[in-house]
Amino acid sequence: MIPYISLFSNGLVLLLLAWYIGVQLREILQKTTRFENRLFLVLFGILHLSVSLVFGLSLDRIPSILDPHDFFNAALYADSWLQLFDFGHGFLSFFIYPLVQAKVSMTVLFLLFATLSFKGFLIYFEMINLDAVRKRSYPLLLFFMLPSIHIWTGMLGKEALLFLWMALLLKKISNRTYDWKMIVLFLLIFFLRPHVFFVLLVVLFVLILRDEKNSKQLKAFAIWATAFSFLVLFPLGALFFTDLDRFSLDSLLAYKEHFVNYTASLGGNTAISLKETTFFSRILYLLFMPLPFLSAIKSPIHWISAVENCYYIVVFIGVSVTLLRKRLSFKTFNREVQFALLSGSLLLFLFASYLYNLGLGNRMRLMFLPYLFFAAFRIFDAIKSKQLPAQMEKRKLD
């Protein structure tokens, strides 16, 4: 009987995923006029889902990737659904519990999470407006084709969900849609990654208060929501992040000392000691390491990451030179670009502050690089379309 249940459940989920992908792809294709962009979107979807499928089928032959098994087994052997409700790992197992209990396979769950992240990619493509992307910005599009981006967002893991939810949040900010759905998005992010939640909340809070177009009611709600989050949710998030029994300054300082000593005792080629590195050096590690001939690279995944990092260095230099030459003002950027730039930068600094493993760093990038690349796309497009120069001139006259 169980094999028939599994066959039915997996078949039903696959049919629903195929239908959803078709609907979403059709919607964005109807908004895209240029043939090469339509072809890009179709090929992108095939690539993304193919990487996920191959990864899911090959998972048992990759002993270093343990998280999907942990999520799946926790949901499989849990006594009840509510038992799994927790932050981080527990929340993801809670998320997939009904499907696992319905005998949906690991491979199909990989495709489910790949579909969710695919929707996130489509949101970015829609906000970027592929038809408006100019040739000078084509190298930035390569970011969305990098293998590691598809590997981490196409697997059963937190990255796929967070990628989608952060894309949805950015779209709401772009549309000024401050509604209950935004609150739900923030809460989902809080349960999955509490520290990411607080960075995004603070940035949005500051931007709302600075924007003269926002109503007094919205600003008052932003103050209330932020105060509540730090008074109630911050202690809960800190307890989860540090795994402490109680929240106090002494316990946090003791945890910090323990964590620093722990990173110093780690071995292996990808370990990073907080004692032997500086904050600035860890930023460089997070952005650009490992690199060919500068790091001990012993696996195909590390080689993929090393080649991708060469691309990141070229893009970083190109974007930096362009921004310095144009001498752009932060005030001239649209609200969604400001939010993406501030959030992406602060998340980069946050992750660099406790980076202790290069492999972990490669997954951390998915929480800030999409925002930074989105901002780069929009800024380059505005420069070429003369929007930013006009806005800067207007501000000078004002």
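Rules used throughout
- For every chain, the first residue of the written sequence is number 1, and numbering continues from 1 along that sequence.
- Only residues with pLDDT of 70 or above have their local features reported here, since the model is predicted, and side-chain atom pairs are shown and tallied only from 80 upward, although totals for entire chains, interfaces and linings are computed over all residues.
- Where side-chain values are given, they derive from all heavy atoms of the structure, hydrogens and water being excluded.
- Starting at the N terminus, helices and strands are each numbered in turn, a helix being any DSSP run of H or I of at least four residues and a strand any DSSP run of E of at least two.
- The cut-offs for exposure are 20% and 50% of the maximum accessible area for each residue type, with area from a 1.4 Å probe on protein chains only; residues under the lower value are buried, those over the upper are exposed, and the others partly exposed.
- Whenever two N or O atoms come within 3.5 Å, that pair is a polar contact, provided that in protein one can donate a hydrogen and the other can accept it, and provided that, for residues adjacent in sequence, both atoms are side-chain atoms.
- It only takes one pair of heavy atoms within 4.5 Å for two residues to be counted as in contact.
- A helix is expected to span 1.5 Å multiplied by its residue count minus one.
- By salt bridge we mean one thing: a side-chain nitrogen of Lys or Arg within 4 Å of a carboxyl oxygen of Asp or Glu.

**Student:** Whenever I open this one, the side chain of Arg363 confuses me. Can you help?
**Tutor:** Summarising the element assignment, Arg363 is placed in helix H16 (residues 358-364). You can call Arg363 buried: its relative accessible area is 16%. Reaching out from Arg363, the side chain makes a polar contact with the side chain of Asp67 at a distance of 3.2 Å. At 3.2 Å, the side chain of Arg363 forms a polar contact with the side chain of Glu159. Excluding its chain neighbours within four sequence positions, the residues that come into contact with Arg363 are Asp67, Trp152, Met155 and Glu159.

**Student:** Any chance you could explain helix H15 (residues 335-353) here in plain terms?
**Tutor:** Given 3.6 residues per turn, any residue in an α-helix points the same way as the ones three and four places further on. The end-to-end C-alpha distance of H15 is 27 Å, a good match for the 27 Å that 19 residues give at a rise of 1.5 Å each. Taken residue by residue, H15 has Glu336, Val337, Gln338, Phe339, Ala340, Ser343, Gly344, Leu347, Leu348, Phe351 and Ala352 as its buried positions. On its buried face, H15 sits against helix H8 (158-174), helix H10 (194-210), helix H13 (279-288), H16 and helix H17 (369-384).

**Student:** Would you mind going over the pattern of salt bridges with me for this structure?
**Tutor:** Two side chains bearing opposite charge may form a pair once their charged atoms approach each other closely. Within this structure, the stated rule accounts for nine salt bridges. Residue Arg193 is joined to Glu159 by a salt bridge in which the shortest nitrogen-to-oxygen separation is 3.8 Å. You can see Arg193 sitting in the loop between helix H9 (180-192) and H10 and its partner Glu159 sitting in helix H8, a full 34 residues away along the chain. Judged by its relative accessible area of 6%, Glu159 is buried. For Glu336, the salt bridge goes to Arg378, with nearest N and O atoms at 2.6 Å. Of this pair, Glu336 sits in helix H15 while Arg378 sits in helix H17, and the two are 42 residues apart along the sequence. Take Glu336 and Arg378: they sit in the same class, and that class is buried.

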